[in-house]
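# Observations on the three-dimensional arrangement
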Amino acid sequence: MNPSPPPPRDPDLLEEALGLGRGGSPPWRLAFVEDCVETSGAFVLHHFLKRALSTEGDGTVVFLGLAQPFSHYDRVLRKMGCNLSVQRNKNKLHFIDLLNLEFLDEKGENDIEIGFMDLYNRILRSIEAIRSKDYNGGWTTIIIDDLSHLEIAAHGSAKHVLDFLQYCRSLTSEMDCSLVILNHEDIHSSDEALQMLSHLDYISDILIKAETLSTGIAADVHGQMTVIIKDAPGGLIKKLHSFQFKVKENGVEFFYPGSRF
Amino acid sequence: MAESISRSLRDGCLEGEHAPALTIEDSLACPLGSHVFDHFLANLASQIADGTSQARGLVLVALNRSPSFYIDLLRRKGVDASLVDKWVRILDCYSDPLDWKDRIPPLMNVQKPSTRENVSFFRDVRDINKLLSSVLDLGKGFVGQGKTRFAVAVDLVSNLLRHTSLPSVAGLLNNLRSNDQISCIFWLIHSDLHEPRVSTALAYVSTVVASVQPIMQLTDEHRSRRDFLWLEKNSCKAKFYVRLKRRNGRVKLLAEELHMDQVGVKFAAVTSENSFVNKSLLPKVQFNLQLSDQERVDRAKVVLPYEHQGNGEAIQIYDGRRSLSDDQKDPHLVQPSTFSVMTDAQATSGNGEIHYIRDSDDEQPDSDEDPDDDLNI
């Protein structure tokens, strides 16, 4: 007698804020996760990864790993109850290893645009592979960790990074997929770099911001999260959610301030 | 004001004159520019479909949003789909602006979205000359040659400026404006993505500059780019400033208010209630944080303890060796008391007074220096 599948779990505060509910496609296309030196937003990407690959849904993931090797994410997600190696073998996860990404042409000279075009091509090929066999119409999430490494590969050229993001953004509407990008907000806090953040604001329809508590470091509360939902990319703020979080070995807890005591 | 802009776009240009050109600019502080652009686009498309405008067709250069977005928009705004297909041409600079898709293998086994007849791909936004000729060819293609004119809309000049220089973009807009077959032209720019000279340069190419600004201006408290609560308060309403350049050279500045609702953007005359917005934002507590009119008057009447105010009182210098009640008179001192005591008469009148006596003649009069500054505590 086959064991009955576990009952679907209730969505957490982040999933509720993002309108993710119990599986299904997100009602947005491009989400930026912003963090800072004091509070890493990597746990949000892990959370998205686990949710997209969960057995409750038919989601698939294309993960651009610029910051860490596959083994890092595999180790982290195992503790969260998700085996990335198995998901990769099942064609649900396509991990594009981009450690030490450099854009060089045949002569070894920098060719940033060609490099980004090749990267876009690799994303397309991953989506093609995901949807070629045993594809049951599940939602594809493209996760990029993280934007600063793209800027490094582009030798600081914001223009090339934004061109690449425009292509990724048009892909979300053509291919019915969504894009989640981690960005270190404090890298762009100077006046010259602030325009880059403005550009990103104009193209995103969700912003997830992980910050430290204004009161300082605490043992049971690791930071606060703000989720901004816009009515359109760069448009009006439709809704604002704010809650706190605690990052644990096997996941993350989200809760409203004062609700845990 | 918005109505007059719509009429100006509808009426187009006079013989021998350049086409009217409208710049719509906004910023993240009030990101309603896209909605304003959509409003004028839908209005003009309706007028073209009704045959009431000088323009007999519309070419939309889509850099920021997909062609399907605009087709859906016009359908939602009530423009007949068949007339959209007939009189609106969209130059798709959004899907493949740098010609990447032609240089990589196409997707296999993946259903591609269907293309529409009135949408043409443009794959090299860096070539401004080619963009200009594509727009003109597209317009002439459905309105024909001769004196028939068409309108042009560019959904985001900021994206063009990422690919090419300001002189090139200004040249493109100027060439379009001065073309004999262009009835009117309008575009959107996000002013906070560029240096101020960009907005200025585009203003010189325009006959009308419409600027969307927040109702409440940024204060120092809100300077942080991410004061989201402030942004939320400003989200649905904005100020709509319009700078009109008349043919005779006169520049008029007008203002309206705009607000967003379910249907779209609505414009209204400026009301005075918004001048009280800041006051109404005081926290609602049980004690009064504001001054009444009488309290303001009394505060204005308070004489400050500065010697330069010359209110007829003698300058007093405190000599600590003398007691407060000393009756002896010193030629250099008048009353060696440290503080004056409010008399009963003054107390009953309710008037406050401040009396200040310098410690010594060495102290500079009306000085802001703290005499304890040199203490190293």
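Residues numbered from 1 in each chain as written. Chains lettered and ligands numbered in written order. Predicted model: local features only at pLDDT ≥ 70, side-chain atom pairs only at ≥ 80, totals over all residues. Heavy atoms only, no water.

The name given to chain B in an unreviewed UniProt entry is Elongator complex protein 5, with the source organism recorded as Musa acuminata subsp. malaccensis.

Looking at an unreviewed UniProt entry, one finds chain A named Elongator complex protein 6, with Musa acuminata subsp. malaccensis as its source organism. The heading Sequence similarities (unreviewed entry) in the UniProt record of chain A holds the text "Belongs to the ELP6 family." You can read under Pathway (unreviewed entry) in the UniProt record for chain A the words "tRNA modification; 5-methoxycarbonylmethyl-2-thiouridine-tRNA biosynthesis." (UniProt positions renumbered as here; feature names shortened; annotations may be inferred.)

### Brief notes about the packing of helix 1 (residues 2–11) of chain B against helix 2 (residues 33–50) of chain B
Residue and element names in this part refer to chain B. Relative to each other, helix 1 and helix 2 sit at 45°, their axes nearing to 10 Å. Put simply, helix 1 runs oblique to helix 2. Helix 1 and helix 2 meet at a crossing whose hand is right-handed. Facing helix 1, whose interface residues are Ala2, Ile5, Ser6, Leu9 and Arg10, helix 2 presents His39, Phe40, Asn43, Leu44 and Gln47. (Axes fitted to C-alpha atoms, helices over the stretch in contact; angles between N-to-C directions. Helix = DSSP H or I, 4+ residues; strand = E, 2+ residues; numbered from the N terminus. Parallel < 35°, antiparallel > 145°, perpendicular 65-115°, else oblique. Left-handed = near helix turned anticlockwise from the far one by under 90°. Contact = heavy atoms within 4.5 Å.)

### Description of the pattern of salt bridges
Under the criterion given, the structure shown has 21 salt bridges over all chains. The partner of Glu113(A) in a salt bridge is Arg126(B), and the shortest N-O contact between them spans 2.7 Å. Of this pair, Glu113(A) sits in helix 5 (residues 112–130) while Arg126(B) sits in the loop between strand 4 (119–121) and helix 5 (128–143), on two different chains. Judged by its relative accessible area of 14%, Glu113(A) falls in the buried class. Through salt bridges with shared partners, a single ionic network connects Glu113(A), Arg103(B), Asp124(B) and Arg126(B). (Salt bridge = Lys/Arg side-chain N within 4 Å of Asp/Glu carboxyl O. Buried < 20%, exposed > 50% of the residue type's maximum accessible area, 1.4 Å probe, protein only.)

### So, the nonpolar core
One finds Leu64(A), Phe116(A), Phe164(A), Phe40(B) and Phe240(B) to be the most contacted residues of the largest nonpolar core, which totals 129 residues. At 9 residues, helix 5 of chain A tops the list of elements feeding residues into this core. Counting 38 residues, the second-largest nonpolar core is a separate cluster that includes Leu18(A), Leu53(A), Phe63(A) and Phe70(A). (Core = buried A, V, L, I, M, F, W, Y, C linked by side-chain atoms within 4.5 Å.)

### Overview of the packing of helix 7 (residues 166–178) of chain B against helix 8 (residues 196–205) of chain B
All names here are of chain B. Between helix 7 and helix 8, whose axes approach to 10 Å, the crossing angle comes to 15°. Comparing their axes, helix 8 and helix 7 come out roughly parallel. Once helix 7 is placed against helix 8, the crossing between them reads as right-handed. Contacts from Leu166, Ala170, Leu173, Asn174 and Arg177 in helix 7 reach Arg197, Val198, Ala201, Leu202 and Val205 in helix 8. Per-class residue counts for the contact of helix 7 with helix 8 are 7 nonpolar, 1 polar and 2 charged. (Nonpolar A, V, L, I, M, F, W, Y, C, P; charged D, E, K, R; others polar.)

### Regarding the environment of His163(B)
Among the secondary structure elements, His163(B) is positioned in helix 6 (residues 157–163). Here the alpha-carbon distance between His163(B) and His194(B), two residues 31 residues apart in the chain, equals 13 Å. The contacts of His163(B), once residues within four sequence positions are left out, are Lys159(A), Asp163(A), Leu98(B), Val125(B) and Arg126(B).

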